Amino acid sequence: MSRLIRPRPPLALTRRRLLAASAGGLALAGLARPGRLMAEEPIRVAGIYTVPVEQQWVSRIHIAAEAAQAAGAVDYRYSENVSNTDYARVMREYAESGMQLIVGEVFGVEAESREVAAEYPEVAFLMGSSFKEDPAVPNFAVFDNYIQDAAYLTGIAAGAMTETANIGMVGGFPIPEVNRLMHAFMDGAREINPDIRFQVAFIGSWFDPPRAKETAFGMIEGGADIMYAERFGVSDAAQERGMLAIGNVIDTQPDYPDTVITSALWHFEPTMEAAIAAVRAGEFTAKDYGIYSFMIHGGCSVAPFGTFEGRVPEEAVALMAQREEEILSGAFVTPINDDEPRSG
Amino acid sequence: MTEVVDILVSASFWAAVIRIASPLLFATMGELICERAGVLNLGIEGIMVAGAFAGWMAVWSGAGLWTGVAIAFGAGALFGLLHATLTVPFGLSQHVVGLGVTLLATSASYYAYRLALPQVTTPPRIEAFQPLPIPGLADIPILGPALFAQTAMTYLAFATVAVVALVLWRTPLGLALRAAGENPAAVAAQGLSVTGIRMGAVMVGSGLMAVGGAFLTMSAFDSFFFEMVNGRGWVCIALVVFGAWRPGKAALGTLLFAFFDAFQIRLQQTALGADVPYQIFLMLPFLLSILALIVMSRRAEVPAALMVPWRKGER
């Protein structure tokens, strides 16, 4: 069930947009907002999310869009908790109401969303997707939180900190983005300790903290002393049993000060800025915006150690700094592997 | 093979079984009461969401934990009242009303959540129920940590099973309730109100379902997420059938389901997990429960008046 957080723009806006196409409209728009040139008009952006904006992944998009709005670059509105069966309707509703850029996530409606986008060629769609861009739908670009660089670096920290050489990883579903980050994390951990055993499990749900917690308990019983917390609930299990955890996408250390060593952070801002610039320049095309989540574009970073300052071995901190430098200079490219990770 | 044995003899495994079973026990008993009185309550999934939200929200707003449980029960009973009003005196389709209640309760919970917390980055946490080891009993090897070092809500779940069984089979009220689901005309002939009994049963049953939901946000976890009930309500409907509408058997079925679930989580990390896709493991509890259901339900006696509306004076 969808709910428009803000009311739909009044009909006049759509009419104005139509009028703006003509010379008379140009003058009218100028009158309506004196002192502003057309080029500075904020881009009208809509967000469509299948989960509440609290959800880690979506929260990063939401924060970036609100920041862009505060800076005056966009006029942002959004619908959260839109079910997949309702997704196409909400896409149409925003497209018809005069939005210029629609951001969202189509992991559950990959084909249908592309069909809808094809019907609105003048609207730019920037969608989180497990698939690649399609030149046949030139106004439909894709992205995901490809923060393997940060995941690799946090892996180094975890690899140095595990005493049992056993790390547990609980994921939602094995989609490319999740797999890629897990592999990067494992590669990072193995670089500093090649003998680590990984326990990997997927819980078949994005939102079931009790189940994620139970799965994490199982892994801790199986010898894991550090958990890769891809889902809510995993850090809780680690905290209850006195084990450690690594956060993903958002910084979770404030909630688990004695548990979370560090987190691989996603920053959506570079992706957002690139898309806004493309829309403004009239050059928005089908491409993979996933690269803007790479560290070299400022799309990800490692959260400060905070409460764990001084507790991570020197050797690991040095290696993390060295790899980060190499990633930023292009000397080191984090391996990309989108296959489903397995225990072992 | 030794890995499997290691799993089965570990106390923490059995503790997980009990933990996973607890919310299902509440909700299964709730559904059982409704169906014994003749009303199929498909509102269960949504009522669990409402309970998970109401209990957690109450505690977050400053209420005590047990007050939170009571508020969850009350919220469930209210949705039960809605369900019962439509299905009992009005005699509407129990399938349609039940699914409607599920949709309404789910959406209303989310609506209330957003009104209370318009803008947050992560849902706030509460101080949830902590494990409460029972002195003496908790020291018994394997059994102790599994059964007697759980949270107070888990003890309440098992007590609920005992109370439901006792009331249904050992009291006049229980007899009247079961009769309302078997032969409502006989109940009416005794001068009792079929409508009243059925409505009361649905309200109490829905209250228990909501407490099952509250277990998720107040004991298993300490925060509310929108989709966290995640189909547990539907599982409970199957567990009632599995238990042949008997509280003891249904509780046994719940434990069996929880056993398979806790087992598959650990089995995934054995050598077997490297070759078998994870989906198979996730399917395991459902698959094995269906098999057990086939065996167990062969001699099950369905309440004769289940889903049959009662209209006074009609023959």
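Nothing here was measured: the structure is a model prediction, and the numbers come from that model.

Concerning the overall build of chain A
A count of helices and strands for chain A gives 11 helices and 12 strands. Burial status across chain A gives 51% buried among its 344 residues. Residue pairs in contact within chain A that sit at least 24 positions apart in sequence constitute 66% of those at least 6 positions apart.

What to know about the environment of Ala-229 of chain A
Residue and element names in this part refer to chain A. Position of Ala-229 relative to the elements: it lies in strand β9 (residues 226–229). With 15 residues separating them in the primary sequence, Ala-229 and Leu-244 have C-alpha atoms 9.8 Å apart. The contacts of Ala-229, once residues within four sequence positions are left out, are Val-234, Ser-235, Ala-245, Ile-246, Gly-247, Asn-248 and Thr-252.

Things to note about the nonpolar core
Met-227 of chain A together with Ala-210 of chain B are the most contacted members of the largest nonpolar core, which totals 210 residues. Of all the elements, helix α10 (residues 194–220) of chain B adds the most residues to this core, at 16 residues. Two domains share this core, each providing at least three of its residues, namely domain 1 (23–145 + 268–292) and domain 2 (148–267 + 298–329) of chain A. Apart from residues no more than four positions distant in its own chain, Met-227 of chain A is found in contact with Gly-168, Val-170, Ala-216, Met-219, Val-234, Ser-235, Ala-237, Ala-238, Met-243 and Ala-245 of chain A.

A word on the sheet that holds strand β12 (residues 300–302) of chain A
Residue and element names in this part refer to chain A. With respect to topology, six strands assemble into an open sheet ordered β8-β7-β9-β10-β11-β12, the strand pairing being mixed. Every other strand in the sheet has two partners, leaving β8 (197–202) and β12 as the edge strands with one partner each. Averaged over neighbouring strand pairs, the angle between their axes works out to 15 degrees when direction is ignored. With six bridges joining them, strand β7 (residues 166–171) and β8 adopt parallel strand pairing. Counterpart to Asn-166 in the pairing with β8 is Arg-197.

Quick notes on the domain arrangement of chain A
All names here are of chain A. Along its sequence, chain A is carved into domain 1 (23–145 + 268–292) and domain 2 (148–267 + 298–329). Domain 1 and domain 2 are separated by 31 Å when their C-alpha centres are compared. Each side of the interface is counted separately: domain 1 has 13 residues, and domain 2 has nine residues. Elements with a minimum of two residues in the side of domain 1 that touches domain 2: α3 (56–70) and α10 (269–280). For the side of domain 1 that touches domain 2, the element with the most residues is α3, which contributes four residues.

Here we look at the interface of chain A and chain B
Each partner contributes to the interface: chain A provides 28 residues, whereas chain B provides 26 residues. Contributions of two or more residues to the side of chain A that touches chain B are made by β8 and α8 (209–221) of chain A. Sorting elements by how many residues they give to the side of chain A that touches chain B places α8 of chain A first, with nine residues. For the side of chain A that touches chain B, a count of residues per class yields 10 nonpolar, 11 polar and seven charged.

Section: the packing of helix α3 (residues 44–60) of chain B against α10 of chain B
Residues and elements named next belong to chain B. The interhelical angle for the contact between α3 and α10, taken along N-to-C directions, is 55 degrees, at an axis separation of 6 Å. Classified by the interaxial angle, the pair formed by α3 and α10 is oblique. The crossing of α3 and α10 is right-handed. The segment α3 lies against α10, with Ile-44, Ile-47, Met-48, Val-49, Ala-50, Gly-51, Ala-52, Ala-54, Gly-55, Trp-56 and Val-59 engaging Ser-206, Met-209, Ala-210, Val-211, Gly-212, Gly-213, Ala-214, Leu-216, Thr-217 and Met-218. In terms of residue class, the contact of α3 with α10 is built from 15 nonpolar, six polar and no charged.

A few points about α8 of chain A
Residues and elements named next belong to chain A. Here α8 is 13 residues long and its end C-alpha atoms lie 18 Å apart, about the 18 Å a rise of 1.5 Å per residue gives. Along α8, 13 of the 13 residues are buried, which leaves the element largely enclosed by surrounding structure. Positive backbone phi, at 110 degrees, marks Gly-223, one or two positions downstream of α8.

Things to note about the pairing of β7 of chain A
All names here are of chain A. Across the six residues of β7, five count as buried, placing the element largely inside the fold. As for the winding sense of the linkage, the β-α-β connection from β7 through helix α7 (residues 176–192) to β8 is right-handed. Pairing analysis gives four bridges linking β7 to β9, with the strands arranged parallel. Among the inter-strand pairings, Val-170 is bridged to a residue of β9, identified as Ala-229.

Conventions and cut-offs
Residues numbered from 1 in each chain as written. Chains lettered and ligands numbered in written order. Predicted model: local features only at pLDDT ≥ 70, side-chain atom pairs only at ≥ 80, totals over all residues. Helix = DSSP H or I, 4+ residues; strand = E, 2+ residues; numbered from the N terminus. Buried ≥ 20, exposed ≤ 12 C-beta atoms within 10 Å, placed from the backbone. Contact = placed C-beta atoms within 7 Å. Core = buried A, V, L, I, M, F, W, Y, C linked by C-beta atoms within 7 Å. Domains from an automatic or database assignment. Pairing = 2+ DSSP bridges. Axes fitted to C-alpha atoms, helices over the stretch in contact; angles between N-to-C directions. Nonpolar A, V, L, I, M, F, W, Y, C, P; charged D, E, K, R; others polar. Parallel < 35°, antiparallel > 145°, perpendicular 65-115°, else oblique. Left-handed = near helix turned anticlockwise from the far one by under 90°. Expected span 1.5 Å × (residues − 1). Right-handed = clockwise from strand over helix to strand, strands pointing away.

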